[in-house]
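# Tertiary structure, described
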Amino acid sequence: GIKERIWKKVQGWKERILSYPGKEVVIKAIVQALPTYMMSLFAIPEGILDDLHKIVARFWWESKDGGKKMHWWSWEKMCQPKSIGGMGFRNLRVFNQALLAKQVWRLLIKPDSLVSRVLKARYFKNGSILEARRGFDPSFTWRSLWNAKPLVLDGLRWRVVNGRSFKVWEDAWIPGENCTRFPAPNIESDPEMLAEELIDIERAEWKTTKVMELFTREEARAILSLHLSRNNMEDQLFWWPSKDGSYSVKSGYWFGKQSRPLVDHLNGEVGVREWWKRIWK
């Protein structure tokens with residue numbers, strides 16, 4: 001249905017004489033906006049996405065008399081921002097994943113919502129969606145959300161409060177210049193160690209000696225600079241590519257374009273977090 005609707009839209013606009021700026025507006029505001037709702041619910045098959053890209057590319061490069069013209073740039077390059085030579089068109093494959101990741105984020109931050117409770121009862125009874133497995137014979141909706149989960153995991157970071165919610169060597173929590181990062185694995189340490197083992201809870205201070213022993217000098221300096229609260233609060237998750245710490249489709253899309261090669265390399269099953277775990281092993 002999506003392919004047919006976009007094809008009809010493109011055919012209707014072909015009858016009009018459009019300049020390249022006019023075609024750009026049609027593609028961005030009409031053609032690529034049509035499948036947004038469906039993409040926010042389901043992972044569109046790769047073959048259909050490739051066909052949609054071909055339809056839009058053909059519409060862009062066709063001459064005014066309807067004749068075919070040479071495609072001087074690949075569609076991947078056309079989807080790059082204008083600041084680096086592209087046209088800023090959407091890569092529907094990455095956009096689809098970014099929309100589905102938004103649903104995953106909602107399930108994470110709103111565990112009491114109806115849809116979250118329904119999915120939890122079926123797919124992750126004893127944990128959160130972050131630990132959920134694909135399961136046996138899942139619905140197409142759940143498979144779509146599960147395949148988008150690596151994008152959310154790759155951008156999730158921990159804000160330390162009491163250190164009870166995350167593992168030292170598996171999660172990203174050390175502040176860096178550009179983003180919160182993963183620590184360099186320490187083979188002599190317990191791989192399951194929680195961050196609370198590095199904290200003196202009564203004084204709300206870091207155990208300086210232990211931190212200096214386990215981490216590099218740069219990492220230790222960054223850890224000791226973190227302020228710890230005396231209030232009885234829990235560690236907090238945030239999405240580091242966005243300024244306010246909340247996931248947005250825009251931030252997920254551009255972050256997904258940058259991390260796509262790594263996700264493809266790992267067959268879409270795991271992300272940066274799992275990649276670090278494999279290195280540690």
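Predicted model only: the values in this text are computed from it and were never measured.

Bringing the overall build of the protein into the picture now. Assigned secondary structure in the protein consists of 12 helices and four strands. For the protein, the share of sequence-separated contacts (at least 6 apart) that also reach a separation of at least 24 residues comes to 64%. Summed over all atoms, the accessible surface of the protein reaches about 16,300 Å², with 53% contributed by carbon and sulfur.

The subject of this paragraph is the pattern of salt bridges. The final tally for this structure, using the stated rule, is nine salt bridges. Between E46 and R93 there is a salt bridge, and its shortest N-O distance comes to 2.4 Å. Of this pair, E46 sits in helix α4 (residues 46–61) while R93 sits in helix α6 (residues 92–109), placing them 47 residues apart in sequence. Taking relative accessible area as the criterion, R93 reaches 15% and is therefore assigned buried. Note that E218 and R181 form a salt bridge whose closest N and O atoms lie 3.9 Å from each other. Taken as a pair, E218 in helix α10 (residues 217–224) and R181 in the loop between β1 (156–159) and β2 (199–200) lie far apart in primary sequence, 37 residues in all. When salt bridges that share partners are traced, they join E24, K28 and K82 into one network.

Okay, the side chain of H53 next. Inspection of the secondary structure assignment puts H53 in helix α4. If we ignore the near neighbours within four places in the chain, the residues touching H53 are W75, R90, N91, L92 and R93.

So, about the packing of α4 against α6. Running from amino to carboxyl end, α4 crosses α6 at an angle of 125°, the nearest separation of the two axes being 9 Å. Regarding the angle of α4 to α6, the classification is oblique. Contact with α4, carried on its side by E46, L49, D50, L52 and H53, involves L92, R93 and N96 of α6 and no other residues of that element. Here the residues of the contact of α4 with α6 sort into three nonpolar, two polar and three charged.

About the cut-offs
- The residue numbering used here restarts from 1 in each chain and proceeds along that chain's sequence as written.
- Totals for whole chains, interfaces and linings use all residues, but because this is a predicted model, local features are given only for residues with pLDDT of at least 70 and pairs of side-chain atoms are given and counted only at 80 or more.
- To obtain the side-chain values, all non-hydrogen atoms of the structure were used and water was disregarded.
- In this description a helix means any DSSP run of H or I spanning at least four residues, a strand means any run of E spanning at least two, and both kinds are numbered starting from the N terminus.
- Two residues form a contact once any of their heavy atoms are found within 4.5 Å.
- Accessible surface is estimated by sampling points in the Shrake-Rupley manner with a 1.4 Å probe; for residues, cover comes only from the protein chains shown.
- Every case where a carboxyl oxygen of Asp or Glu lies within 4 Å of a side-chain nitrogen of Lys or Arg is listed as a salt bridge.
- Between buried and exposed lies partly exposed: a residue is buried under 20% and exposed over 50% of the maximum accessible area for its type, with that area taken using a 1.4 Å probe on protein chains only.
- Helix axes are fitted only over the stretch in contact, all axes being lines through C-alpha atoms; the angle between N-to-C directions runs from 0 to 180 degrees.
- Each angle gets one of four labels, with under 35 degrees taken as roughly parallel, over 145 as roughly antiparallel, 65 to 115 as roughly perpendicular, and the rest as oblique.
- As a working rule, the residues Ala, Val, Leu, Ile, Met, Phe, Trp, Tyr, Cys and Pro are called nonpolar, Asp, Glu, Lys and Arg charged, and the rest polar, with Gly in that last group.

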